[in-house]
Amino acid sequence: MIYVAVLGYGTVGSGVVEVIDRNNSIVSANSGDEMQVKYILDLRDFPGDPNESKVIHDVDVILNDPDVSIVCETMGGVGAAYKFTKAALEKGKSVVTSNKELVAKHGAELMKVARDNGCAYLFEASVGGGIPVIRTIITALTAERITQIAGILNGTTNFILTRMEEDGADFADTLKKAQELGYAEADPTADIEGHDTARKISILADIMSGHFVDSDNISAEGITHISGDDIAEASKAGYRIRLLGIANRYDDDSVSAMVAPFLVKKGHPLAGVCDVFNAIFVTGNMLDETMYYGKGAGKLATASAVVADVIDAAVKGTSCKYTGWDETPVSSAAGCDSYRYMVRCSAGSTDEIKASLSGAEAVSDTVLFTGKMTDSQYADLKNRFGEKIANGIRIYE
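The structure displayed is predicted, hence computed values, not measured ones. Positions within a chain are numbered from 1, following the residues in the order the chain's sequence is written. Residue-level local features of this predicted model are given only where pLDDT is at least 70; pairs of side-chain atoms are given and counted only at 80 or more, and the full residue set underlies all totals for whole chains, interfaces and linings. Note that water and hydrogens are dropped before the side-chain values are worked out from all heavy atoms of the structure.

The next point concerns the overall build of the chain. Each helix and strand in the chain was counted, giving 14 helices and 16 strands. Relative to its length of 397 residues, the chain is compact, with a C-alpha radius of gyration of 23 Å against a globular reference of 21 Å. Taking all 397 residues of the chain together, the buried fraction comes to 54%. Contact criterion: two residues are considered in contact whenever any of their non-hydrogen atoms come within 4.5 Å of each other. Across the chain, the fraction of contacts at a sequence separation of at least 24, relative to all contacts at a separation of at least 6, is 71%. Residue-level accessible areas treat just the shown protein chains as cover; the underlying method is Shrake-Rupley with a 1.4 Å probe. Summed over all atoms, the accessible surface of the chain reaches about 16,400 Å², with 48% contributed by carbon and sulfur. Positive: Lys, Arg. Negative: Asp, Glu. His and the chain ends are not part of the count. Think of each charge as sitting on NZ of Lys, CZ of Arg, CG of Asp or CD of Glu. Where the 37 positive side-chain charges of the chain centre and where its 56 negative ones centre are 2 Å apart. Where helices and strands are cited, they refer to DSSP runs of H or I of at least four residues and of E of at least two residues respectively, numbered from the N terminus. We compute the radius of gyration from the C-alpha atoms alone; for a globule the expected value is 2.2 Å times N to the 0.38, where N is the number of residues. Burial classification: accessible surface area is computed with a 1.4 Å probe over protein chains only, and a residue below 20% of its type maximum counts as buried, one above 50% as exposed, and the rest as partly exposed.

Right, let's get into the packing of aromatic side chains. Classification of ring pairs rests on two measures: the distance between centres of Phe, Tyr or Trp rings, Trp counted by its six-membered ring, which must be within 6.5 Å, and the angle between planes, read as stacked under 30 degrees, edge-to-face over 60 and tilted in between. Inspection of every chain in the model, using the stated rule, returns nine aromatic pairs. A ring pair is formed by Y9 and F46, whose centres lie 4.9 Å apart and whose planes are at 85 degrees; its orientation type is edge-to-face. Here F46 lies in the loop between β2 (35–41) and β3 (55–56) and Y9 lies in the loop between β1 (2–7) and α1 (11–22), a separation of 37 residues in the sequence. On the basis of relative accessibility, which here comes to 8%, the residue Y9 falls in the buried class. Ring centres of F262 and Y396 lie 6.4 Å apart, and the angle between their planes is 90 degrees; on these two criteria the pair is classed as edge-to-face. With a gap of 134 residues between them, F262 in strand β10 (residues 255–265) and Y396 in strand β16 (residues 389–396) connect regions that are remote in the sequence.

A separate point is the sheet that holds strand β6 (residues 121–122). By this definition, two strands are paired if DSSP reports at least two bridges between them. With parallel pairing, the six strands of this open sheet are ordered in space as β3-β2-β1-β4-β5-β6. The sheet terminates laterally at β3 and β6, the two strands that pair on one side only. Note on definitions: angles span 0 to 180 degrees between N-to-C directions of axes, and those axes are lines fitted to C-alpha atoms, for helices only across the stretch in contact. Across the sheet, helix α12 (residues 299–316) is in contact with β1, β2, β4 (68–73), β5 (94–97) and β6; its angle to β4 comes to roughly 155 degrees.

Take the pattern of salt bridges next. Within this document, salt bridges are pairs made up of a side-chain nitrogen of Lys or Arg and a carboxyl oxygen of Asp or Glu, the two lying within 4 Å of each other. Throughout the structure, instances matching the rule amount to 29 salt bridges. A salt bridge links K100 to D196, with the nearest nitrogen and oxygen atoms 3.1 Å apart. With K100 in helix α5 (residues 100–116) and D196 in helix α10 (residues 195–209), the pair connects residues that are 96 residues apart, well separated along the chain. Under the relative-accessibility criterion, K100 is labelled partly exposed at 26%.

If you trace the backbone, A143 turns up in the loop between α6 (133–139) and β7 (146–152). Residues A143 and Y239 lie 96 residues apart in sequence; the distance between their C-alpha atoms is 34 Å.

Moving on, we come to helix α14 (residues 375–385). What α14 keeps buried is the set Y378, L381 and F385. For α14, the angular spread of the buried residues around the axis is 55 degrees, confining them to a single face. Where α14 is buried, its residues touch β13 (341–345), α13 (350–355) and β16. One or two steps after α14, the chain reaches G386, where phi turns positive at roughly 55 degrees. Think of the arc as the fan of directions from the helix axis to the C-beta atoms.

It is at 8 Å that the axes of helix α2 (residues 24–31) and α12 come closest, and there the two elements cross at 35 degrees. Only V307, I311, A314 and V315 of α12 make contact with α2, whose side of the interface consists of V27, N30 and S31. Residue composition of the contact of α2 with α12, by class: five nonpolar, two polar and no charged. Charged residues are taken to be Asp, Glu, Lys and Arg, nonpolar residues to be Ala, Val, Leu, Ile, Met, Phe, Trp, Tyr, Cys and Pro, and polar residues to be all remaining types, Gly included.

A word on the nonpolar core. Y121, V133 and L204 are the most contacted members of the largest nonpolar core, which has 78 residues in total. For this core, the element with the highest residue contribution is α5, accounting for eight residues. Here, nonpolar core refers to any group of buried Ala, Val, Leu, Ile, Met, Phe, Trp, Tyr and Cys residues whose side-chain atoms link them within 4.5 Å.

In this section: the packing of α5 against α10. Interhelical geometry of α5 versus α10 gives an angle of 50 degrees and a closest axis separation of 9 Å. Overall, the two elements α5 and α10 adopt an arrangement that is oblique. Classified by chirality, the crossing of α10 by α5 is left-handed. Where α5 abuts α10, its residues K100, E101, V103 and A104 lie against D196, R199, K200, S202 and I203. Looking at the contact of α5 with α10 residue by residue, the class counts come to three nonpolar, one polar and five charged. In what follows, roughly perpendicular refers to angles from 65 to 115 degrees, roughly parallel to angles under 35, roughly antiparallel to angles over 145, and oblique to any angle outside these ranges. Two helices crossing with the near one rotated counterclockwise from the far one by less than a right angle form a left-handed crossing, whereas a clockwise rotation gives a right-handed crossing.

This part covers α2. Among the residues making up α2, those that are buried are V27, S28 and S31. An end-on view of α2 places all buried positions within 95 degrees of arc, on one side of the element. In α2, the exposed residues that point more than 90 degrees away from the buried face are S25 and A29. On the buried face of α2, the contacting elements are β1, α1, β2 and α12. With its phi angle positive at about 90 degrees, G32 sits one or two positions after the end of α2.

This is how it looks when you write it as structure tokens:
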């Protein structure tokens, strides 16, 4: 018998229990033994819930039970989740998680604790929900030198941008609709300001580079400044706007990572990713581009990825270790990337701004496409012309 404990009985935690229960014959067969959830840790009680008898409030019950070999951390945050995860790993219990904030901040440390104690720390569900991108990178792409990872990593913002384009709605109304549908939190700051995407791209950049990429140091530009005019002008020029997380690895192994809205050419696979779906492009020096697409969030999609890690830990035991990263900060190439920009100009100022730039192309009376520019070069342009530039958005190519 394989006994599992679940920390946190919220959306993902309850989904993990549901996947193990509903697909128990499949999960148990693939694990090599019958699997059962023995404990559910939560501060709340759940009277009438089918798993009410499994709910406990003291983590030490789990830590001190030798029958529990695998712990699912679905609490979120970096407080109690970090403390409980580390304690479980020190007890030799493998931990699987969907907690991108914890993995982004303490992943290298927790993987080392797992190695030192003969267990595993696995986190497939921390990026892309149910999309198996982490496992693919560390298994199927091990012959590649990965040079870029770019993707739509947040379903909330993708839903908002899709609906703004297709419904002609403004940002505030579309955000409200996303909240009503349960796609956005009551406080949507982490999503719409790009912080959630920054955590996810930092994890992917960590794996790509083998070193620590601090999500707090990633430039994160959200979508709150994207207007209907931006979306309409982009569409007329043959583009859609998508919030992308991008990490680039240079020849000297330095890494840049950023989050920002980008124009993506219609016809490019990323432009066709709509509503709450996610997609990740991974570029290798031999294979070139591969794309991974699917539900990037949601109760059962995320829970499925968590349980896949549970099965992996059960089957492989102490040999189940992700090829992760160390705690050494990566050599930063921040500010080295350059992109063309769509610059939306105030009436009558397009020619003046175009004349100041080399290689700029006017695409309408109020919109021009620049040549490639670094962030600092665009900032200089914006400072020079001030309110004559209504907005500038990078172009993904």
